[in-house]
Structure formats: C-alpha cells, structure tokens
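Listed below, chain by chain, are the residues.
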Amino acid sequence: QVQLVESGGALVQAGGSLRLSCAVSGGAFNLYAMGWFRQVPGKEREFVAGIGWTIRAGTAYVDSVKGRFTISRDNGKNTGFLQMNSLKPEDTALYYCALRRFGPARGMRNEYDYWGQGTQVTVSS
C-alpha cells in the first residue's frame, strides 16, 4: 500500500519561505509523477505544481506560483519537495501531495492514484 506523508506546513509571514516535503513508502516512487495540490474551505482542490516520472517529463506550475515555487524530487530518498518563496496570503491553504503512476508533470485531480493527508500553510499579511 502506497502511503504519502506531507510535512513542513506552518504559519509564516508574507514574503517568507517554506519547504514542504512528501515522504513516500510502500511503492516505487521513481515510477510515479508527483503533484502538489492545495485547497481552501469552500473551493475546489487546485493543481499547484507537478513533476513527471521521468526527467524528460519536466515540471509544471499553475501561473500564480510560477517564479516563486519550485518542485523537486529525490528518488533515492523516496521524497518530493515543494520550495515556496515570496509567500502571499492567498497561498494559504491545505497542501496535498499526490502520485500518478507513469504520469506527466501536469494532471487533473482525478488522475492521481494516491494522496497524502495534507499539511497546512498559513501566510499572514
């Protein structure tokens, strides 16, 4: 059973930085694309960033985070990351990581196979 555990969420001031981690167990992490999604109460869970299962598949970002967020992965440590810089209050959300077997960098929510429980990011103004 593949399990994902996010960590790194916190309360931070606007302009600050956080690094989210997604630790994966029970599966071959290198065979999965990874995505980061976020959700606020009353809204749909939205795609934030993704990284494909191969280097050639590259990365993808929602426009609102381009230039501020960077997604990466360490297959040797079965861990993915989301580096978030220049945080804004509108980045406040519950952040989830997800895996999609043999997937591309970008994906829709229903295309992902496994999900973590989420980590809360709160950005104060």
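Basis of the calculations
Residues numbered from 1 in each chain as written. Predicted model: local features only at pLDDT ≥ 70, side-chain atom pairs only at ≥ 80, totals over all residues. Heavy atoms only, no water. Helix = DSSP H or I, 4+ residues; strand = E, 2+ residues; numbered from the N terminus. Rg over C-alpha atoms; globule rule 2.2 N^0.38 Å. Buried < 20%, exposed > 50% of the residue type's maximum accessible area, 1.4 Å probe, protein only. Contact = heavy atoms within 4.5 Å. Areas by Shrake-Rupley, 256 points an atom, 1.4 Å probe, with all protein chains shown as cover. Lys, Arg positive; Asp, Glu negative; His and termini not counted. Charge placed at Lys NZ, Arg CZ, Asp CG, Glu CD. Disulfide = S-S within 2.5 Å. Pairing = 2+ DSSP bridges. Axes fitted to C-alpha atoms, helices over the stretch in contact; angles between N-to-C directions.

## So, the overall build of the protein
Across its full length, the protein holds zero helices and eleven strands. Here the C-alpha radius of gyration of the protein, 13 Å, is about what a compact globule of 125 residues would show, namely 14 Å. Burial analysis of the protein (125 residues in total) assigns 43% to the buried set. For the protein, long-range pairs separated by at least 24 residues make up 61% of all intrachain contacts whose partners lie at least 6 apart in sequence. Working note: accessible area of the protein is about 6400 Å², and carbon and sulfur atoms make up 48% of it. With 14 positive and 9 negative side-chain charges, the protein shows a separation of 4 Å between the mean positions of the two kinds.

## As for the state of the cysteines
Applying the stated criterion to the full structure yields one disulfide. What pairs with C22 in a disulfide is C97, and their sulfur atoms sit 2.1 Å apart. One disulfide, between C22 and C97, carries an S-S torsion of 65° and so falls in the right-handed class. Placement of C22 in strand β3 (residues 18–25) and of C97 in strand β9 (residues 93–101) is noted, with a sequence separation of 75 residues between them. For the pair shown, C22 and C97 are each scored as buried.

## Side note on the sheet that holds strand β7 (residues 69–74)
What the four strands build is an open sheet, ordered β1-β3-β8-β7; its pairing is antiparallel. If you trace the sheet from one side to the other, it starts and ends with β1 (3–7) and β7, each paired once. Taking the axes of each pair of neighbouring strands and ignoring which way they run, one obtains an average angle of 15° across the sheet. Sheet analysis places β1 next to β3, joined by five bridges and oriented antiparallel. Counted as the bridge partner of S7 is S21 from β3.

## Here we look at the environment of G27
Along the polypeptide, G27 turns up in the loop between β3 and β4 (32–39). Each C-alpha atom of the pair G27 and W53 lies 13 Å from the other, and the pair is 26 residues apart in sequence.

## Let's talk about unusual backbone geometry
Unusually for a residue other than glycine, S86 sits at a positive phi of about 50°. Topologically, S86 is positioned in the loop between β8 (79–84) and β9. Overall, S86 belongs to the partly exposed group, its relative accessible area being 40%. With a phi close to 55°, F102 is a non-glycine residue in the positive phi region. Its place among the elements puts F102 in the loop between β9 and β10 (114–115). Accessibility expressed as a relative area gives 44% for F102, which makes it partly exposed.

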